[in-house]
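Here's the letter readout for the chains.
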Amino acid sequence: MSEHIFIPSRRVFLGTVGAAFFTTRGLFAEELVKTPAQTEGPFYPNKLPLDTDNDLLIINDTITPAVGEITHLTGKVTDLKGNPVRNALVEIWQCDAKGVYLHTRDSDGKKDQQDKHFQGFGRFLTGSTGEYYFRTIKPVPYPGRTPHIHFKIKKGGKELLVTQCYIKGHAGNQKDGIYKSVRDAKALAAISVDFTPIKESKAGELAAKFDIVLGQTPVG
Ligand SMILES: [Fe+2]
């Protein structure tokens, strides 16, 4: 009689431990790779452009678009568990197709080179899905750097992450000190994205997806 009681209770006990163990493992397995922080660099615009929307190819309602390979850049801002972060302000900035930034320290000496039609900076406020969208150009190299797009994520005025995204497999990446400063292979993979031709696009437009995983869950 006592054996009958002992055996089932032991099974229950083991079962509970087993379930707890797998639940914990499950949590770890689901945890996403945190997007590594990268240096802001010297060229966050010192004066914002007249237009700061998410279309960097057209400034306000001008007719002439920027020069460059048109890229539809999308992604999702989440926490480590994949929960979307809403009301995150995603800011991007990058140099134009001629390698000039929208920063007087860079553009002042390169007025002839600069693409005046490139917005150089844009913003997008995420909704409930945490997704963002920009129309911009595929980044190009400039002396000393492999192609990259700068990102800054804010919420409620608080800066949550500053990073850069890169073209996966670009030959310049391996010579770039800032790119190589990320030692962890998974973290490096997280900031290296494909720029893929969109099949339906006759103009050779590209699509790139850069998901941003914040290390802390922002409040609100
Ligand atoms: Fe840069």
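Colleague: Can you help me understand the overall build of the chain in this one?
Modeller: Check the secondary structure of the chain and you find 4 helices and 10 strands. When the helices and strands of the chain are listed from N to C terminus, the series reads α-β-β-α-β-β-β-β-α-α-β-β-β-β. Per-residue burial over the chain gives 41% buried out of 220 residues. In the chain, the share of contacts with a sequence separation of at least 24, taken over all contacts with a separation of at least 6, comes to 73%.

Colleague: Got a minute to help me understand the sheet that holds strand β3 (residues 121–125) in this structure?
Modeller: Sheets are built from strands that pair by backbone hydrogen bonding, the pairs being arranged parallel or antiparallel. Spatial ordering of the open sheet is given by β3-β2-β5-β6-β7, a layout of 5 strands whose pairing is mixed. What marks the edges here is a single partner per strand, and that holds for β3 and β7 (192–193).

Colleague: How should unusual backbone geometry be read in this particular structure?
Modeller: Phi is mostly negative for residues that are not glycine, and the peptide bonds are mostly trans. Positive phi is not limited to glycine here, since asparagine 60 has a value of about 45 degrees. The exposure class of asparagine 60 is partly exposed, given its relative accessible area of 44%. Phi at asparagine 87 is positive, roughly 60 degrees, even though this residue is not glycine. Examined against the element boundaries, asparagine 87 turns out to sit in the loop between β1 (70–78) and β2 (89–93). Residue classification places asparagine 87 among the partly exposed positions, given a relative accessible area of 37%.

Colleague: Teacher, can you tell me more about the nonpolar core here?
Modeller: Buried together is how nonpolar side chains tend to be arranged in soluble globular proteins. Within the largest apolar cluster, 34 residues are counted, with the highest numbers of intra-cluster contacts made by Leu73, Val77, Tyr132, Phe151, Ile153, Phe210 and Ile212. At 5 residues, strand β6 (residues 158–167) tops the list of elements feeding residues into this core. Discounting chain neighbours no more than four positions away, the residues touching phenylalanine 151 are Leu73, Val90, Glu91, Ile92, Trp93, Tyr132, Leu161, Val162, Thr163, Cys165, Phe210 and Ile212. The next biggest cluster of nonpolar side chains, apart from the first, holds 7 residues, and it includes Tyr44, Trp93, Cys95 and Tyr101.

Colleague: Explain the coordination of the iron ion here, please?
Modeller: Ideal geometry at a metal centre: 109.5 degrees between donors when four sit tetrahedrally, and 90 or 180 degrees when six sit octahedrally. Within the first shell, the iron ion binds the protein through Tyr101 (OH), Tyr142 (OH), His148 (NE2) and His150 (NE2), at distances of 1.9 to 2.4 Å. All donors of the iron ion come from a single chain, and their spacing in sequence reads Y-x40-Y-x5-H-x1-H. Take histidine 148: its relative accessible area is 2%, and that puts it in the buried class.

Colleague: Honestly, the pairing of β2 in this entry has me stumped. Any pointers?
Modeller: For β2, the buried fraction is high: 4 of the 5 residues fall into the buried class. Pairing geometry for β2 and β3, over 5 bridges, is antiparallel. By the bridge assignment for β3, glutamate 91 is matched with arginine 123. Strand direction decides the pairing type here: β2 and strand β5 (residues 148–155), joined by 5 bridges, are antiparallel. Looking across to β5, one finds that valine 90 is bridged to isoleucine 153.

Colleague: Whenever I open this one, the packing of aromatic side chains confuses me. Can you help?
Modeller: Pairs of aromatic rings are described using the distance from one ring centre to the other and the angle between the two planes. Counted according to the given criterion, the structure contains 9 aromatic pairs. Taking 5.4 Å as the distance between ring centres and 85 degrees as the angle between the ring planes, the aromatic pair formed by tyrosine 101 and tyrosine 142 counts as edge-to-face. With tyrosine 101 in the loop between β2 and α2 (104–107) and tyrosine 142 in the loop between β4 (131–137) and β5, the pair connects residues that are 41 residues apart, well separated along the chain. Tyrosine 142 matches tyrosine 101 in its accessibility class, with the two residues each being buried. Measuring from centroid to centroid gives 4.8 Å for tyrosine 166 and tyrosine 179, while their planes differ by 75 degrees, and the two rings are edge-to-face. Placement of tyrosine 166 in strand β6 and of tyrosine 179 in helix α3 (residues 177–180) is noted, with a sequence separation of 13 residues between them. Take tyrosine 166: its relative accessible area is 0%, and that puts it in the buried class. Site record: aromatic cluster; members linked through ring pairs are Phe124, Tyr132, Phe134, Phe151 and Phe210. Looking at lysine 152, its charged tip hangs above the ring of tyrosine 44, at a distance of 4.1 Å from the centre.

Colleague: Just to check I follow, could you spell out the confidence of the model for the chain for this structure?
Modeller: Interpretation of this model should avoid reading the predicted coordinates in detail wherever pLDDT is low. Per-residue confidence for the chain averages 88 on the pLDDT scale, and 85% of its residues sit at or above 70. Here residues 1–26 is a poorly scored stretch, pLDDT under 50, and it has 1 contact once near neighbours within four places are set aside; other chains count.

What counts, and where the lines are drawn
Residues numbered from 1 in each chain as written. Predicted model: local features only at pLDDT ≥ 70, side-chain atom pairs only at ≥ 80, totals over all residues. Heavy atoms only, no water. Helix = DSSP H or I, 4+ residues; strand = E, 2+ residues; numbered from the N terminus. Buried < 20%, exposed > 50% of the residue type's maximum accessible area, 1.4 Å probe, protein only. Contact = heavy atoms within 4.5 Å. Pairing = 2+ DSSP bridges. Core = buried A, V, L, I, M, F, W, Y, C linked by side-chain atoms within 4.5 Å. Donors = N, O, S within 2.8 Å, 3.2 Å for Na, K, Ca; no water. Phe/Tyr/Trp six-rings, centres within 6.5 Å; stacked < 30°, edge-to-face > 60°. Lys NZ or Arg CZ within 6 Å of the ring centre and 35° of its normal. pLDDT = per-residue confidence, 0-100.

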